[in-house]
Each structure stands twice: as structure tokens, then as C-alpha cells.
Amino acid sequence: MSSHQKKMTFCGCVYTIVAKIPKGKVATYGQIARLAGNPKTARAVGMCMKINPFVPRVPCHRVVGSDGRLIGFSAGKGVKTKKDMLLAEGVQFRNDSVDLLQSQWNT
DNA sequence: AAACTGACTTCTC
DNA sequence: GGAGAAGCCAGTT
């Protein structure tokens, strides 16, 4: 096998998954963690989003909490900017939380 | 190699 | 439903 295969770090896998989230949909950290291989890596996923070296490529704003609640996102005005971006994509909101029943990424 | 940190999740009161 | 505590994982120091 070619040895030039970089060792896929956990974050690398996460970036690949998050980049696949369709527009107008959102995913929870736990869900991404599960897709990454282990449902308990939600915390690690958050860290990967924080460093997020591929900003437009990895729509970290489509990643929300288990309740669809907007957390993290230190960019711009914080969750406010995040909410605005999601609204622009057609994500349904309920107060300050995303309506996962309609806008959660359906894998 | 050990300890610390953090954009999480879940349980219990 | 809100507040507090525990568990888990990966990356950084």
C-alpha cells in the first residue's frame, strides 16, 4: 500500500463528515461522533470544529447540540451569527433552537 | 507519558 | 424544565 496515506486523524474524519451535511440541514455533535466511529467522541468533535482549518469547506455552523441548541461558535456575534446563517439556509428554528424534527441531517 | 482542557451527552435531583 | 455532577474522547502542553 502506498505509504503516503496520511494517518487520518479523528478531526480529519470529522471534517469529511461535516462537509457532507446538506444545505438546510444540521447535525448534532453526537451524530457526527457516531458517524466518525464512536458516539462518545462528541467532545472531541467540538474541538475539531474549534480549530476548523477549513472554514468554508467545513460548515461548522451546521453542527448543533443534541437538543438542536446553538452552542459554541465564537465567530462573529457567536450563536447569533450561527442562527442567521442557518436561517439563510432554510433551517427551521424554534426560539433559539433548531427544529431537529424537520432540519436534522437525515443519514 | 501524565495532566489539563474543551464548540458534548446523559443522568439524577 | 433548570441546575449540578459524572463519563468519554482527542488534542495540546
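Report follows, based on the coordinates. (Residues numbered from 1 in each chain as written. Chains lettered and ligands numbered in written order. Predicted model: local features only at pLDDT ≥ 70, side-chain atom pairs only at ≥ 80, totals over all residues. Heavy atoms only, no water.)

So, the protein's contact with DNA strand B
We apply this condition: Whether a residue is near a molecule or strand depends on its heavy atoms: if one lies within 4 Å, it is near. Pairing of N or O atoms within 3.5 Å defines a polar contact, subject to two protein rules: one partner must be a possible hydrogen donor and the other a possible acceptor, and residues neighboring in sequence count only if both atoms are side-chain atoms. Runs of H or I in DSSP of at least four residues are treated as helices and runs of E of at least two as strands, each being numbered from the N terminus.
Within the structure, DNA strand B sits among 14 residues, and Tyr29, Arg43, Lys50, Ser66 and Gly72 are positioned closest to it. Each atom of DNA strand B within 4 Å of the protein belongs either to a base or to sugar and phosphate, the latter forming 40%. Contact between DNA strand B and Gly30: a phosphate oxygen at 3.3 Å from a main-chain N or O atom of the residue. Interatomic distance of 3.2 Å between a backbone N/O atom of Met49 and a base nitrogen of DNA strand B. The leading source of residues in the surface near DNA strand B is helix α3 (residues 42-51), at six residues.

A look at the nonpolar core
For clarity, the cut-off: Residues belong to a common nonpolar core when they are buried Ala, Val, Leu, Ile, Met, Phe, Trp, Tyr or Cys residues joined through side-chain atoms within 4.5 Å. Exposure classes here rest on a 1.4 Å probe applied to the protein chains alone. A residue is buried below 20% of its type maximum, exposed above 50%, and partly exposed in between. Note on definitions: a residue-residue contact is assigned when non-hydrogen atoms from the two residues lie within 4.5 Å.
With 19 residues, the main nonpolar core has Val14, Val18, Ile32, Val45, Met49 and Val63 as its most contacted residues. Contributions of two or more residues to this core are made by α1 (10-18), α2 (29-36) and α3. Here Val14 is in contact with Ile32, Ala36, Val45, Cys48 and Met49, once residues within four sequence places are set aside. Formed by eight residues, the second largest nonpolar core is a distinct cluster that contains Val26, Leu70, Leu86 and Val98.

Focus: unusual backbone geometry
Here Asn95, not a glycine, exhibits a phi torsion of approximately 65°, which is positive. Within the secondary structure layout, Asn95 lies in the loop between β3 (93-94) and β4 (97-98). Overall, the relative accessible area of 63% leaves Asn95 in the exposed class.

Some words on the state of the cysteines
Stated precisely, the cut-off is as follows: The disulfide criterion used throughout: a pair of cysteine sulfur atoms within 2.5 Å.
Counting across every chain of the model gives one disulfide. For Cys11, the disulfide goes to Cys48, at an S-S distance of 2.0 Å. Of note, the bridge from Cys11 to Cys48 carries an S-S torsion of about -75° and is left-handed in sense. Separated by 37 residues along the polypeptide, Cys11 in helix α1 and Cys48 in helix α3 bring together distant segments of the chain. As far as the burial class goes, Cys11 and Cys48 line up, both buried. We note that Cys13 lacks a disulfide partner, and the nearest cysteine sulfur, in Cys48, lies 9.7 Å from it. The partly exposed category is assigned to Cys13, whose relative accessible area is 25%.

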